[in-house]
Amino acid sequence: MNSPQAIDVLIIGAGPSGSALAIDLVRRGLDVRIVDRSPHAFDGSRAKGIQPRSLEVLEDLGALDDVLAGGDLYPKLGLHAGPIGVPWKMFPHKEATPDVPYPNTWLIPQFRTDRALHARLGELGREVEFGKELTELTQDEDTVVAKVVGADGVEEIVARYAVGADGGSSAVRKQLDIGFAGTTDESDRVLIVDASVSGLARNRWHMWPGLGGKLIGACPLPHSDMFQWMIRLTPDEKPPQEIGAIIDRIHSHTRNRHIQLHEIHWESVFRPNIRLAKHYGRGRVFLVGDAAHVHTPAGAQGLNTGMQDGYNLGWKLGQVLAGADPALLSTYEAERQPIAAGVLGLSTEKWGGIAKLDPSSMKRGKDEQQLSLTYYGGPLAPADSDSGDTSTLHVGDRAPDARLLGADGAETRLFNLFQGPHFTAIAYGPGAARDLELLDWPTTGAQLKRLTVGSAAGDGRAFSDPKNTLQSAYGLTGDTLLLIRPDGYIGHIATRDFLTTTQAAVRAMAPQAKTRTMSQPSHTSPGSGATE
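Residues numbered from 1 in each chain as written. Predicted model: local features only at pLDDT ≥ 70, side-chain atom pairs only at ≥ 80, totals over all residues. Heavy atoms only, no water.

Novice: I would appreciate a short explanation of the overall build of the protein chain in the present structure.
Specialist: Along the backbone of the protein chain there are 13 helices and 28 strands. Across the protein chain, every contact between residues at least 6 apart in sequence was considered, and the portion connecting residues at least 24 apart equals 71%. Counting only carbon and sulfur atoms, one obtains 51% of the accessible surface of the protein chain, whose full area is about 21700 Å². (Helix = DSSP H or I, 4+ residues; strand = E, 2+ residues; numbered from the N terminus. Contact = heavy atoms within 4.5 Å. Areas by Shrake-Rupley, 256 points an atom, 1.4 Å probe, with all protein chains shown as cover.)

Structure follows, in structure tokens:
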């Protein structure tokens, strides 16, 4: 029997983390399969808040339009004390600015987010393979071998790399024998129910607090007659399962018998797991999303952190498969694990505050929006490097958006120029522009898009900044050469020695050799090549 042909990457788990990663890899021209043990896509609302940084990621991946169409802004809270309901602003609604195009958290049930990502994956020619469960995972120096069981029996899949995106009970993490340190509070349980409802205004996220941490919440799910109900159970309470028992439980707490549930679409009992994987992978296998970290639901952090795990890992896998130093993959854990640790602390603090009826625990602001997350101080952005800073940014920070004018006088967003699997170099000023033209870029892996601002350049690559949106957001005070990573973070800032320092930064993130071993195959795609 012949061994199966090796694919580039196998992804186990088709939630937001795995699906976002699959989209990023497929658009790089890689041979990818994504399998999920469930018979079909997830049906529930579960994680329902998409943060501004994740909206930017979804725009780059080409799934934003569906997500915006499937959701809405969060309504005000309606805090109920007996018959009185007090409106309370949980989210500060902000206007878009040139540097932050999506300033507000977006309310959308997870099943719609999943389907938006799956639809985008389908546009790229890949489909999720549902009903396939991982049973065994082994690896050697060159490949990973996964055994999956489906309707057609056992299949052996050989891949150069594999990624576990299979949730908090991850079979991949268990196969790798990676520790998952933390706690699970079995006494703190919340019944979550998606139900069609009448008798309750849809312009509020209703909350009925109670003593001892008792709480019932009902959040309207956009473009439907459904609410997501969150019913905090007492330690010895058996979760009501039938619709009549759930209605009785709601009536007894809210004292509002006008509320009626007509159909249960999905329900689950949630226990606050607070856990972080000791490592984010082993050998040729990596973990993303809930397989690597699980959080309380407070602050809408888990889905967003997981999706951005995949966004960080994707370009690095693509570069290594194209010939970059495999050490680049070690930066995945180094950059993402501290982010998850911080998010765990934030969501845990918020969850504890809700139990104590602390109003500040229900406030949401910049900490939750993930726009200020940074990789500064990490292996690709060391604090003691030769890379300079600007007056507003460090290497490793998120690259802001800006509005520029092209040579034809048409306005364009910087994020439109970033969109795609490439790196972007921005030369601000004539000195930086001259050196950008001389910058040597590898002929394999992600290409480089070269832009100049404030200087003449050919091929439609010259832009102006008449409203100083780039200068202001990036804190530019003189000639500067910026290298933007494919995931929208700043890979290098040069305010002097433009060519020398930038070339050194490139070496850590891009292929250097023109030849490859068998385990690092060549790929030809629109996303490969030297420059544009």
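Novice: What is the right way to look at the nonpolar core in this model?
Specialist: Across soluble globular proteins, you tend to see nonpolar side chains buried next to one another. Grouped together as the largest cluster of nonpolar side chains are 88 residues, with contacts concentrated most on Val9, Leu10, Ile11, Leu58, Leu313 and Leu317. No other element matches helix H7 (residues 302–321), which puts eight residues into this core. Leu313 has contacts with Leu21, Val163, Phe286, Val288, Leu329 and Tyr332, leaving out every residue within four places of it along the chain. Ranked by size, the runner-up nonpolar core spans 23 residues in total, among them Ala402, Tyr428, Ile484 and Ile493. (Core = buried A, V, L, I, M, F, W, Y, C linked by side-chain atoms within 4.5 Å. Buried < 20%, exposed > 50% of the residue type's maximum accessible area, 1.4 Å probe, protein only.)

Novice: Even after reading the chapter, I still don't get the environment of Asp397, so can you show me in this structure?
Specialist: On the secondary structure map, Asp397 appears in the loop between helix H9 (366–369) and strand E22 (403–406). Looking at Asp397, the relative accessible area reads 13%, which means it is buried. Considering only alpha carbons, one finds Asp397 and Thr374, 23 residues apart in sequence, at a separation of 4.6 Å. Those residues in contact with Asp397 that sit more than four places away from it in its chain are Thr374, Tyr376, Thr392, Gly488, Tyr489 and Ile490. Separated by 2.8 Å, the side chain of Asp397 and the backbone nitrogen of His394 make a polar contact. (Polar contact = N/O pair within 3.5 Å; in protein donor to acceptor, adjacent residues only side chain to side chain.)

Novice: Teacher, can you tell me more about the sheet that holds strand E21 (residues 293–294) here?
Specialist: The three strands are arranged E12-E18-E21 in an open sheet whose pairing can be described as antiparallel. Whereas interior strands pair on both sides, the edge strands pair on one side only; in this sheet they are strand E12 (180–184) and E21. As judged from the two bridges shared by strand E18 (residues 273–277) and E21, these two strands associate in the antiparallel manner. Bridge pairing in E21 links Arg275 to Val294. (Pairing = 2+ DSSP bridges.)

Novice: I'm lost on the environment of Leu404 in this one. Help?
Specialist: Among the structural elements, Leu404 can be located in strand E22. In this structure Leu404 comes out as buried when scored by relative accessible area, which is 1%. A C-alpha to C-alpha distance of 9.7 Å links Leu404 and Pro98, two positions 306 residues apart in sequence. When neighbours within four sequence positions are excluded, Leu404 is seen to be in contact with Ala410, Glu411, Thr412, Leu414, Leu417, Val453, Phe463, Ser464, Asp465 and Leu470.

Novice: What am I meant to see in the sheet that holds E22 here?
Specialist: Hydrogen bonds along the backbone pair up the strands of a sheet, which may run parallel or antiparallel. The sheet built from seven strands is open, its strands ordered E23-E22-E26-E25-E24-E27-E28 with mixed pairing. Taken across any chain shown, the strands that pair with only one partner, and hence form the sheet edges, are strand E23 (411–413) and strand E28 (490–494). In this sheet, neighbouring strand axes are inclined to one another by 30 degrees on average, regardless of whether the strands run parallel or antiparallel. Bridge count between strand E27 (residues 480–484) and E28: four bridges; the pairing is antiparallel. Directly across from Leu483, in E28, lies its bridge partner His492. (Axes fitted to C-alpha atoms, helices over the stretch in contact; angles between N-to-C directions.)

Novice: Honestly, helix H11 (residues 430–438) in this entry has me stumped. Any pointers?
Specialist: Structural remark: α-helix, 3.6 residues per turn; residues separated by three or four positions point the same way. Those residues of H11 that sit buried are Gly431, Ala432, Ala433, Asp435 and Leu436. Structurally, H11 contributes buried residues whose contacts are with strand E24 (423–428), strand E25 (448–453), E27 and helix H13 (498–507).

Novice: How should the pattern of salt bridges be read in this particular structure?
Specialist: Tallying each qualifying case throughout the model produces 23 salt bridges. Among the salt bridges present, the one from Glu129 reaches Lys132, with a minimum N-O distance of 2.8 Å. A relative accessible area of 21% places Lys132 in the partly exposed class. Where Arg413 meets Asp401, a salt bridge forms, and the shortest distance between an N and an O atom there is 2.8 Å. Of the two residues, Arg413 sits in strand E23 while Asp401 sits in the loop between H9 and E22, which places them twelve residues apart along the sequence. Here Asp401 falls in the buried class, since its relative accessible area comes to 1%. (Salt bridge = Lys/Arg side-chain N within 4 Å of Asp/Glu carboxyl O.)

Novice: Looking at this structure, I do not really get the confidence of the model for the protein chain. What am I missing?
Specialist: Atomic detail in the predicted coordinates should be set aside for any region of low pLDDT. When pLDDT is averaged across the protein chain, the result is 89; 87% of the residues are at 70 or more. Segment residues 513–531: pLDDT under 50, and 51 contacts once partners within four positions in sequence are set aside and those in other chains are kept. (pLDDT = per-residue confidence, 0-100.)

Novice: Teacher, can you tell me more about H7 here?
Specialist: Relative to the 28 Å expected for 20 residues at 1.5 Å per residue, H7 spans 29 Å between its end C-alpha atoms, a close match to the ideal helical length. Among the 20 residues in H7, 20 count as buried, and that is most of the element. Phi for Gly323, located one or two positions after H7, is positive at around 120 degrees. (Expected span 1.5 Å × (residues − 1).)

Novice: So what exactly am I meant to see when it comes to the packing of aromatic side chains here?
Specialist: Under the defined criterion, the tally for this structure stands at eleven aromatic pairs. Above the plane of the ring of Phe42 lies Arg46, whose end atom (NZ or CZ) is 4.1 Å from the centre. A cation over a ring is seen here: Arg173 above Phe180, with NZ or CZ 3.7 Å from the ring centre. (Phe/Tyr/Trp six-rings, centres within 6.5 Å; stacked < 30°, edge-to-face > 60°. Lys NZ or Arg CZ within 6 Å of the ring centre and 35° of its normal.)

Novice: What should I look at first to understand the packing of helix H1 (residues 16–26) against helix H4 (residues 110–123) in this one?
Specialist: How two helices sit against one another is set out by the angle between their axes and by the gap between those axes. Direction vectors running N to C along H1 and H4 enclose 20 degrees, while the axes themselves pass 9 Å from each other. If you check the angle between H1 and H4, you find them roughly parallel. You can see that H1 and H4 cross each other, and the crossing is left-handed. Contacts between H1 and H4 involve Pro16, Ser19, Ala20, Ala22, Ile23 and Val26 on the former and, on the latter, Gln110, Asp114, Leu117, His118, Arg120 and Leu121. (Parallel < 35°, antiparallel > 145°, perpendicular 65-115°, else oblique. Left-handed = near helix turned anticlockwise from the far one by under 90°.)

Novice: For this particular structure, what's the right way to read unusual backbone geometry?
Specialist: Although it is not a glycine, Asp177 sits at a positive phi angle of roughly 60 degrees. By secondary structure assignment, the location of Asp177 is in the loop between helix H5 (171–176) and E12. The backbone phi angle of Arg255 is positive, close to 60 degrees, even though this residue is not glycine. Considering the arrangement of structural elements, one finds Arg255 in the loop between helix H6 (243–254) and strand E17 (260–270). Judged by its relative accessible area of 71%, Arg255 falls in the exposed class.

Novice: Is there a simple way to explain the side chain of Thr444 in this structure?
Specialist: Position of Thr444 among the secondary structure elements: in the loop between H11 and E25. A polar side-chain atom of Thr444 sits 3.5 Å from the main-chain carbonyl oxygen of Ala322.

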